[in-house]
Every structure is written in structure tokens, then in C-alpha cells.
Amino acid sequence: MSITYPGGFRAAGVAAGLKSTGKPDVALVANDGPMHHAAAVFTSNRVAAAPVLWSRQVVSDGRVDAVVLNSGGANACTGPEGFQNTHRTAEVTAELLGVSATDVFVCSTGLIGEQLPMDRLLAGVTAAAGSLGRGGGPTAAEAIMTTDTVAKEARYPASADTASEGYSIGGMAKGAGMLAPGLATMLVVLTTDAVLDPAALDAALREATRVSFDRTDADGCMSTNDTVVLLASGAAGVAPDQAQFTAALTDVCLDLAAQLIHDAEGASHTIAVRTVNAASERDAETVSRAVARSNLFKTAIFGNDPNWGRVLAAVGTTDAAFEPDRLNVSMNGVQICRNGGIGDSRDLVDLTGRDVTVEIDLAAGPASATIWTNDLTHEYVHENSAYSS
């Protein structure tokens, strides 16, 4: 019950027939207050889906009463009719919950370029509103899945035995491909019962996404629908320290980001590409992302081949500050490239496990950054070649 773990929230997930599988495909999250503060970040893709265009307007005043989400259709590149369908979804949700349509956030995910079957979607919204409850979090998390193989949930404190600051944070996410955000990634709903104003929520969310979802890069492809929204009910009556809340929110986002990468479409390896001793954090992130997006590198990892030459080739395409003859590369703790040349034997590197860590030492400064990615497999190609057929 992660998104309903904090006080003041109810959720539901129902099957409306948007998916041919008959699985849940409409989710609803309601903030019962007493506060209805919110912040959100969205895809930076210039081709943005109708729900993104609508929800940007909704959250602009810092208030969101409810979030309605559907899988089984992205409602992207659908023109004026698609935007009207988003508006209608918000209106129906608002009528059912007794709130304003301009305070209803809308998210969609699925195939781009097809209109949603509104009769089924609105029937699903009605059913979800009637099923709202404190125990509805898991079904809501299931309802937003597309190519995901498992639902993704996280919370703070992580367990009842963990010390807290008197408030809670919950979260759910979906995403298994097109994970290469500019501000956010896929669909993520975060909730808290802390007392925070919209400006504080926005600052915390942007910092948390900067080091979590922004650094989750499965395949270098950015979605038209990426959205992360944070809702605060204030039900705990606790106004937390801003830095402490940001750290707790970041932990929840890192947990969800790790689940997204672990469930990446067809992946057999989960890879952390960490650049250290960079002149700046920007340089470290740039280098890590260049390696993480290299198809040659990703296919090498798929083949359990510690091909460090492909790492250096990617590093060399960046504008980061470094001297080529000072570069070091380690894979799973073995330094196979030393000072830009041959290091320890690559035969010492074991890549047969699921988790792989690649560390790139630029020997240029004190900064570091990690990008999380996955290998490129036959299964990824198969799944995405048949996505709309």
C-alpha cells in the first residue's frame, strides 16, 4: 500500500478493457487532505502528450486533488480530440469526487497515435472512484503497467521498524523502456502526509529526480508522456526539515528508479556506470551517460564481454575534461584499463551475474555521478519490434 501508506490518501485500480489482456488499466489516487499541495516534473520532449499539456496547467497553482491514470493508450499525437478527451477525463473524475476539474491531474501511457476508447475509460474512472480505499495502492500500481513485468512501489520509512520523522512518503512507478528523461521518467506518483507548501515540494522533487530518474537511462529514448507528481496531504501534521525531507524523498525515488532499470525490457544485466574524479558533476554525468547509451558497450555486457575499449571510445566522444593517458576503467572491481592502456587481465572480470558496475576514473577533479542502465538484448529488439502489432 505504498502510495496510500501516508495518511490522507486513497487509491484504486480497475480493469476497464483498455488492455486486451483484461488486466487493470485505470488507476485513481485521491488526496483527502487537509492540504492538497503538489509539484510535478514532466518530459522535456517537445512532442508532449495531451495529458502532459493538461497536467502542466493543473499543477501550475500548486494544488492537485486527484490523479487519474490509464495504461493501454498514451493519448499522444492525437490532436485537439486527444486534448478534449483528457479534459473530459478530468471533468468526470472531478464530478465523481466533488472537486474541480482544474485540480485533477491526468496521466496516460501506452501506444502513441491512437485515440482512447472514451466509453471504456470513463466507465473505468467511475468504477475506480467507487473502489477508492486505503488498501488500493497495489492495484493502482498494477493498473499503470504496460510492458512492465512487475508493479513498482516504494515507501519511507521502509518498514514499521525504521525510525521516522513523524511523516511518511509513498510512491509507485511504471516504466520498462523509453527511459531517458530530461526532467522525469515514465509515470511516477509520490505521496506524503508531511506539511509542505508547493515551493518546498517543488524544490525537493527536482533535487530528488535530478539524481534518480534523470540518471535512469535504459535505452536512450525519451517518452512523450513522462511525468512525476508529488502530492502532500498534510495529514501527519508534521512540517519536516527541508533537507531531511529531500533526502527521504530521494531515497524513495532511487528505490523506484532501481526497480525501473531492473525491469527494463528484455534486459539480462542491470548496469551502474559511475564516473569518478571528474572536474565537475556535469562532466561525470556526461561521461557516464555517453557510456550507458553506447550500443556497442551494451551489447558487450550482454555477451559477458568486459570490452573496456568500447568504454574509452564512448568517453572520448564527450567534452569532459580529461587526459586520455590518465583514464582508468574498472568492471566489477577489476581495473582492466590503467592510464589509458592495458590493465589487469579482462579474464578476471565475471559478468555472469545480473548486476554490473563500471567505474571510469577521469583523474581530473573531485566530482562523481552514476547513470543506471541495462544491456541490449535480443529480447529488447523482439519486444519493441512487435509493440504495436
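Preceding block: the structure.
Because the structure is predicted, anything quoted here is derived from the model rather than measured. (Residues numbered from 1 in each chain as written. Predicted model: local features only at pLDDT ≥ 70, side-chain atom pairs only at ≥ 80, totals over all residues. Heavy atoms only, no water.)

## Remarks on helix H9 (residues 308–315)
Rules: Only protein chains enter the calculation, and the probe is 1.4 Å; a residue is then buried if its accessible area is under 20% of its type maximum, exposed if over 50%, and partly exposed in between. Going along the chain from the N terminus, every DSSP run of H or I of four or more residues is numbered as a helix, and every run of E of two or more is numbered as a strand. Here the arc refers to the directions that run from the helix axis out to each C-beta atom. Here, two residues are considered to be in contact whenever any of their heavy atoms come within 4.5 Å of each other.
Every buried residue of H9 is accounted for by Trp308, Val311, Leu312, Ala314 and Val315. Buried residues of H9 fall within an arc of 160° about the axis and therefore sit on the same side. On its buried side, H9 packs onto helix H7 (281–292), helix H8 (295–302), strand S11 (328–331), strand S12 (334–338), strand S13 (341–342) and strand S14 (355–361).

## Some details on the sheet that holds strand S1 (residues 9–14)
The pairing of strands in a sheet happens through backbone hydrogen bonds and is either parallel or antiparallel. For clarity, the cut-off: In short, DSSP must find at least two bridges between two strands for them to pair. What counts as an axis is a line fitted to C-alpha atoms, over the stretch in contact for a helix, and the angles between N-to-C directions run from 0 to 180 degrees.
Spatially, four strands are ordered S1-S2-S4-S5 in an open sheet, and the strand pairing comes out mixed. Among the strands making up the open sheet, the edge pair consists of S1 and strand S5 (104–108). Across this sheet, the average inter-strand angle for adjacent strands is 10°, counted without regard to direction. With five bridges joining them, strand S2 (residues 26–31) and strand S4 (residues 66–70) adopt antiparallel strand pairing. Bridging from a neighbouring strand, Val29 pairs with Val67 of S4. This element, helix H2 (residues 79–97), spans S2, S4 and S5 of the sheet and lies at about 130° to S5. Each of S1, S2 and S4 is contacted by helix H3 (residues 118–131), which is oriented at about 135° to S1, the strand it contacts most.

## So, the pairing of S14
Sheet analysis places strand S10 (residues 270–278) next to S14, joined by seven bridges and oriented parallel. Each bridged residue has a counterpart across the sheet, and for Val273 the counterpart in S14 is Val358. In the sheet, S11 pairs with S14 via four bridges, with the strands oriented antiparallel. Bridging from a neighbouring strand, Asn328 pairs with Asp361 of S14.

## Regarding the packing of H7 against H9
Under the convention used in this document: What sets the label is the angle itself: under 35 degrees gives roughly parallel, over 145 gives roughly antiparallel, 65 to 115 gives roughly perpendicular, and the rest give oblique. A crossing counts as left-handed when the near helix is turned anticlockwise from the far one by less than a right angle, and as right-handed when that turn is clockwise. For this classification, the nonpolar set comprises Ala, Val, Leu, Ile, Met, Phe, Trp, Tyr, Cys and Pro, the charged set comprises Asp, Glu, Lys and Arg, and every other residue, Gly included, is treated as polar.
At a minimum axis distance of 8 Å, the contact between H7 and H9 shows a crossing angle of 130°. Between H7 and H9, the interaxial angle falls into the category oblique. The crossing of H7 and H9 is right-handed. Across the interface between the two elements, Val287, Ala290 and Val291 of H7 pack against Val311, Ala314 and Val315 of H9. Here the residues of the contact of H7 with H9 are counted per class, giving six nonpolar, no polar and no charged.

## Some points on the packing of aromatic side chains
The line we're drawing: In this analysis, rings of Phe, Tyr and Trp, with Trp reduced to its six-membered ring, are considered paired at centre separations within 6.5 Å, and the interplanar angle assigns stacked below 30 degrees, edge-to-face beyond 60, and tilted for intermediate values. Whether a charge lies above a ring is judged from NZ of Lys or CZ of Arg, which has to be within 6 Å of the ring centre and within 35 degrees of the ring normal.
Enumeration according to the criterion identifies four aromatic pairs in this entry. A ring pair is formed by Tyr156 and Tyr167, whose centres lie 5.7 Å apart and whose planes are at 40°; its orientation type is tilted. With Tyr156 in strand S6 (residues 152–156) and Tyr167 in the loop between S6 and strand S7 (169–174), the pair connects residues that are 11 residues apart, well separated along the chain. Pair check on accessibility: Tyr156 and Tyr167 agree, each one buried. Through pairs of rings, three or more aromatic residues link up here, namely Tyr156, Tyr167 and Phe245. Looking at Arg155, its charged tip hangs above the ring of Tyr5, at a distance of 4.0 Å from the centre.

## Regarding the side chain of Ser212
The cut-off we apply is this: Pairs of N or O atoms within 3.5 Å make up the polar contacts considered here, provided that, within protein, one atom can donate a hydrogen while the other can accept it, and that residues adjacent in sequence are counted only when both atoms are side-chain atoms.
Examined against the element boundaries, Ser212 turns out to sit in the loop between helix H5 (198–210) and strand S9 (227–232). Judged by its relative accessible area of 0%, Ser212 falls in the buried class. Of the polar contacts made by the side chain of Ser212, one reaches the backbone oxygen of Ala208; its length is 2.5 Å. If we skip the residues at most four places from it in the chain, Ser212 touches Cys253, Leu254, Ala257 and Trp372.

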